[in-house]
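In case you want the letters, here they are:
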Amino acid sequence: MPRTQQPGSRFRRIYQRLSAAELSAPEHDEPLSLEELGLESTEQRTALAFGVYSRPGLEKAFRAYGLIQRLEERGVGPLEVRLTLEDAFRPRIILWSQRYQAPAADISLRKTTGTEVGLPPPLDARTLLYMDSFALQHPGRAFDWNRPPMPGQVRPGLALSAEILELMLLMARRVSAEGMALTPNSFAAAWVYSRHFHFVEASAQGRFVALRRAGRQWPRWLLAWAVELGCVRGPGGAPVPFGPSPMLASFTRRFERFFDDKAWRAAVKEQAQVPLTIDFEALQDCFPWDRMPPGPPPDPVAEVLAYDPLVPA
């Protein structure tokens, strides 16, 4: 298995430059020292996400990384950073589009341990940052055939998921977690996360690889719908569904050794080699044309889906 892809060197340099005082800055313009911030006080630290991040501190970090600027360049700005702290160790981060009065990004996080994602001892006791939910969208844009909807998508994405995930991985390091975990609710979501994350369960990782291989010559969105609608078949003709299963991004050698284990790798290889195919006849029968953009799809897709412009969706 490939190593977990780590955040790029530019992000790591910015991460090293950001100080604790900057990340914990209060809601005013005057910078305060650590002593003035009272960060040794447990009571005051509960006003910070994971005892580290204030709302202005998060905004400063996102601007330092260039995230807010890149989102605004995509037409969703100006953006407001919102931080919900009903529980300081279960923060919700929202990048709110003032133009559209809707979230462009919405992320919920919490701390947990390896037990929750099924890691064996001694990894079960290690601290992880868990991403409960992650949404990234352009709230003012409609889908078109250059970027049709994926299962579960309400609005088009912003092609910045990889960068945001890198920043979340750096946040996990900052809050003293040894890895980051999540559970994708769809095959399409797992594909987004797979650049940095591997499934903890070897069979889930292998099945994911086999599903990707089944649609390697087709657009990702088409394969995602085939999986979602139960139109990917195994050797016996039975549907091969995608089942939610925890994924992990590792920061330390102890976690890397888990994915280096011979038994784990062998189980991945065995499942990945199972030949899977898309049943296009079944996909034609249940394809959600009512969810698609108006007009005909690209010619190769129109052909395999038996698109008929005279038949209403």
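Student: Is there a simple way to explain the sheet that holds strand 4 (residues 127-136) in this structure?
Tutor: Remark on secondary structure: sheet strands pair via backbone hydrogen bonds, oriented parallel or antiparallel. Strand order in the open sheet formed by seven strands is 1-2-3-4-5-8-6, with mixed pairing between adjacent strands. The outermost strands of the open sheet, each flanked by one partner alone, are strand 1 (79-84) and strand 6 (198-199). Two elements, strand 5 (residues 179-182) and strand 8 (residues 247-250), share four bridges in a ladder whose sense is antiparallel. Residue pairing across strands places A181 opposite L248, the latter belonging to strand 8. Helix-sheet contacts for helix 5 (residues 55-65) involve strand 1 and strand 2 (92-97), and the interaxial angle to strand 1 is about 135 degrees.

Student: Before we go on, may I ask you to explain a positive patch on the surface in this structure?
Tutor: On the surface, R10, R12, R13, R17 and R173 cluster together to form a positively charged patch. Here the positive patch takes four residues from helix 1 (residues 9-17), the largest share from any one element. Secondary-structure assignment places R12 in helix 1.

Student: In this structure, what is going on with the pairing of strand 1? I would like to understand it.
Tutor: With burial as the criterion, only one face of strand 1 is covered, namely that bearing L79, V81 and L83; the residues E80, R82 and T84 on the opposite face remain uncovered. Relative to strand 2, strand 1 is paired through six bridges, and the arrangement is antiparallel. When the bridges of strand 2 are listed, V81 appears paired with L95.

Student: Even after reading the chapter, I still don't get the side chain of R110, so can you show me in this structure?
Tutor: Locating R110 in the fold gives a position in strand 3 (residues 102-113). With a relative accessible area of 12%, R110 lands in the buried category. Of the polar contacts made by the side chain of R110, one reaches the side chain of E116; its length is 2.6 Å. In this structure the side chain of R110 is engaged in a polar contact, spanning 2.7 Å, whose partner is the side chain of D132. Not counting residues up to four positions away in its chain, the partners in contact with R110 are F50, F89, R90, E116, L128, L129, Y130 and D132.

Definitions and cut-offs
- Residues numbered from 1 in each chain as written.
- Predicted model: local features only at pLDDT ≥ 70, side-chain atom pairs only at ≥ 80, totals over all residues.
- Heavy atoms only, no water.
- Pairing = 2+ DSSP bridges.
- Helix = DSSP H or I, 4+ residues; strand = E, 2+ residues; numbered from the N terminus.
- Contact = heavy atoms within 4.5 Å.
- Axes fitted to C-alpha atoms, helices over the stretch in contact; angles between N-to-C directions.
- Patch = residues over 30% accessible without salt bridge, like charges linked within 9 Å, V, L, I, M, F, W, Y side chains within 5 Å.
- Areas by Shrake-Rupley, 256 points an atom, 1.4 Å probe, with all protein chains shown as cover.
- Salt bridge = Lys/Arg side-chain N within 4 Å of Asp/Glu carboxyl O.
- Lys, Arg positive; Asp, Glu negative; His and termini not counted.
- Charge placed at Lys NZ, Arg CZ, Asp CG, Glu CD.
- Buried < 20%, exposed > 50% of the residue type's maximum accessible area, 1.4 Å probe, protein only.
- Polar contact = N/O pair within 3.5 Å; in protein donor to acceptor, adjacent residues only side chain to side chain.

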